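# Coordinates in review
One letter stands for each residue in the lines below.
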Amino acid sequence: MAAGGGCGESVDHYRAEVERLTRELTEANREKIRAAECGLVVLEENQTLKQQYAELETEQEALKQELEQLQEEPDGEIQLYGHTA
């Protein structure tokens, strides 16, 4: 009968081990999902920053051209928005 008692303990041990591993797997999956969500936030922020950068570059180029045109005024007067400075 001693063998029967030992087998029952072994089954209980394996059940406990399966439950522990299941909990660990569940937690690992939660962490993986959280990491993926954070990664998506970073990617979205990166895309937003790239778009803002492109817009600022465009604005900078336009301002640069406007400055060059103002510096080329033949009479030496700088005119801003239709007003003589």
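The structure displayed is predicted, hence computed values, not measured ones.

Conventions we followed
- Residues numbered from 1 in each chain as written.
- Predicted model: local features only at pLDDT ≥ 70, side-chain atom pairs only at ≥ 80, totals over all residues.
- Heavy atoms only, no water.
- Helix = DSSP H or I, 4+ residues; strand = E, 2+ residues; numbered from the N terminus.
- Buried < 20%, exposed > 50% of the residue type's maximum accessible area, 1.4 Å probe, protein only.
- Areas by Shrake-Rupley, 256 points an atom, 1.4 Å probe, with all protein chains shown as cover.
- Salt bridge = Lys/Arg side-chain N within 4 Å of Asp/Glu carboxyl O.
- pLDDT = per-residue confidence, 0-100.

The number of helices and strands found in the protein chain is 1 helix and 2 strands. When its helices and strands are written in sequence order, the protein chain yields α-β-β. Counting over 85 residues, the protein chain shows a buried share of 1%. In the structure as shown, the protein chain presents an accessible area of about 7800 Å², 57% of it carried by carbon and sulfur atoms.

Per the stated rule, a full pass over the model turns up 4 salt bridges. R20 is paired through a salt bridge with E24; the nearest N and O atoms lie 2.3 Å apart. A residue pair is termed a helical-turn pair when its members lie 3 or 4 positions apart in one helix, as R20 and E24 do in helix α1 (residues 2-71) at 4 residues. What makes R20 partly exposed here is its relative accessible area of 30%. Between E27 and R30 there is a salt bridge whose closest N-O contact spans 3.3 Å. One end of the pair, E27, and the other, R30, are both in helix α1, 3 residues apart, so they sit about a helical turn from each other. When its relative accessible area of 46% is taken as the criterion, R30 is described as partly exposed.

The predicted model of the protein chain averages 87 in pLDDT, with 80% of residues at 70 or higher. Of all the helices and strands in the protein chain, strand β2 (residues 83-84) carries the lowest mean pLDDT, 56, while α1 carries the highest, 93.

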